Amino acid sequence: MEISEIFDKLQAVADRYEELNELISDPEVIADTQRFMKLSKEEGSLRETVEKYTRYKEVTQTISDDEELLRETNDAELVELTKEELADAKEEQGQLQKDLEILLIPKDPNDDKNIIMEIRGAAGGDEASLFAGDLYNMYLRYAEKQGWNVEIVDQTTTEVGGFKELVLMITGTNVYSKLKFENGAHRVQRVPATESAGRVHTSTATVGVMPEAEDVDIEIDPKDVRTDVYRASGAGGQHVNKTSSAVRMTHLPTGIVVAMQDERSQQQNRVKAEKILKARVYDYYQQQEQSAYDANRKQAIGTGDRSERIRTYNFPQNRVTDHRIGLTLNKLDKILAGELDEVVEALIIADQTEKLEQLRNE
């Protein structure tokens, strides 16, 4: 894409922003709450782009004025001041151009959503379940640093204190945009506590990250869902044995099944099961679309498939390696303590770079 085409797009964004401001000031629109909220959200999403574009035009005009002044004046002091201003303006113009190119990258519509995260111990038995617990603690601490809220929706623990499966709801600002790249197989290399010979073992846990689906994202026909209720199993005393509080929902077109027995009432389990089912079905159809889009191209940060090994946590060397972008950090202890920013930012930059390249080649 030529620079002129980029600025044609920016002008179109500016025109739309102006139109939106007129619309959200219209009494008829204000009276229609749903439409007003939708348009206000769109206006908010364009604001930064328009502000930077406006500033870019101001700086470009300054450059033009300064260059003209330098051609016309012989005043040595004025020439010196103008040259300084011109150098600053050109530097700012270059940075604004880079920022605007990034802002023009098509946004992931799920970026501002909450997520449902599923962590499962995979290959490695007890050690895999313990590693699943380590990943849970890592994300919990990262979420605390971000000011997010984490709720355990469902869990299956193991005798050694790990997790066979753990389902979390993480809510807050831009959760999906920062955690969507965690989707995949995470590998750990360490000496298990039960290993008497001190040998390093390799185990894996998988992480699934799904945006919380809203009604506007996907509508599931109730006729497509079979719901079964049954008695919960496990700890819980007489209540567990006498009440059919557990709920199993099956989405017939996709075969996706969600079973929920964490809560003591059937209604509570039903609400949670519906939320997870909707997220899984939404994710399923999104993955299908993405697979079709990526059929002839593999993205820099990988396919997002949970079976794809994305990262290795090496305890003996205190090292974390993200295989998708070739990032290696010798600070495993800090990362497991929730200091994920460096990894998250590197993945976001790699994704932006890939998409920017596509934009330029259009």
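Because the structure is a prediction, the values reported are computed rather than measured. (Residues numbered from 1 in each chain as written. Predicted model: local features only at pLDDT ≥ 70, side-chain atom pairs only at ≥ 80, totals over all residues. Heavy atoms only, no water.)

**Looking at the overall build of the protein chain**
Rules: Put simply, DSSP marks the helices as runs of H or I at least four residues long and the strands as runs of E at least two long, and each gets a number from the N terminus on. For every residue, the accessible area obtained with a 1.4 Å probe (protein chains only) is divided by the maximum for its type, and the residue is called buried under 20%, exposed over 50%, and partly exposed between those limits. It only takes one pair of heavy atoms within 4.5 Å for two residues to be counted as in contact. All accessible-area figures derive from a Shrake-Rupley calculation using a 1.4 Å probe, and residue coverage is judged against the displayed protein chains alone.
When its secondary structure is counted, the protein chain shows 10 helices and 11 strands. Buried residues in the protein chain amount to 39% of all 362 residues. Long-range pairs, those at least 24 residues apart, make up 61% of the contacts in the protein chain between residues at least 6 apart in sequence. Accessible area of the protein chain: about 20,000 Å², with a carbon and sulfur share of 47%.

**Considering the sheet that holds strand β1 (residues 115-121)**
Convention followed: Strand pairing is defined by DSSP finding a minimum of two bridges between the two strands. Axis lines are fitted to C-alpha atoms, over the contacting stretch for helices. Their N-to-C directions set the angle, which ranges from 0 to 180 degrees.
Reading across the sheet, the 8 strands line up as β2-β3-β1-β5-β4-β9-β10-β11 and stay open at both edges, with mixed pairing between neighbours. Two strands lie at the open edges of the sheet, namely β2 (149-157) and β11 (327-329), each paired on one side alone. Here the strands of the sheet are splayed against their neighbours by 15° on average, with no regard to which way each runs. Two elements, strand β4 (residues 184-190) and strand β5 (residues 201-211), share 7 bridges in a ladder whose sense is antiparallel. Residue pairing across strands places Gly-184 opposite Val-207, the latter belonging to β5.

**Observations concerning a negative patch on the surface**
Stated precisely, the cut-off is as follows: Patch membership requires more than 30% relative accessible area and the absence of a salt bridge. Residues of like charge join within 9 Å; the nonpolar side chains Val, Leu, Ile, Met, Phe, Trp and Tyr join within 5 Å. When a carboxyl oxygen of Asp or Glu is within 4 Å of a side-chain nitrogen of Lys or Arg, the pair counts as a salt bridge. Counting rule applied: Lys, Arg positive; Asp, Glu negative; His and chain ends not counted. For charged residues, the charge sits on one atom: NZ in Lys, CZ in Arg, CG in Asp, CD in Glu.
The grouping of Asp-65, Glu-68, Glu-72, Glu-80, Glu-84, Glu-85, Asp-88 and Glu-91 at the surface amounts to a negative patch. No other element matches the 5 residues that helix α4 (residues 76-103) contributes to the negative patch. As for its placement among the helices and strands, Glu-84 is situated in helix α4.

**Let's talk about the confidence of the model for the protein chain**
Low pLDDT means the predicted coordinates in that region are not meant to be read closely. The condition that has to hold: As a per-residue quantity, pLDDT reports the predictor's confidence and falls between 0 and 100.
Here the protein chain shows a mean pLDDT of 83. Residues at 70 or above account for 87%. Between the elements of the protein chain, mean pLDDT differs from a low of 44, seen in helix α7 (residues 237-242), to a high of 95, seen in helix α9 (residues 332-336). Of the regions scoring below 50 in pLDDT, residues 235-241 engages in 9 contacts with residues more than four places distant in sequence or in other chains.

**Some thoughts on the side chain of Ser-129**
Its location among the elements puts Ser-129 in helix α5 (residues 126-146). On the basis of relative accessibility, which here comes to 4%, the residue Ser-129 falls in the buried class. Apart from residues lying up to four places away in sequence, Ser-129 is in contact with Gly-121, Thr-158, Val-160, Gly-162, Phe-163 and Lys-164.

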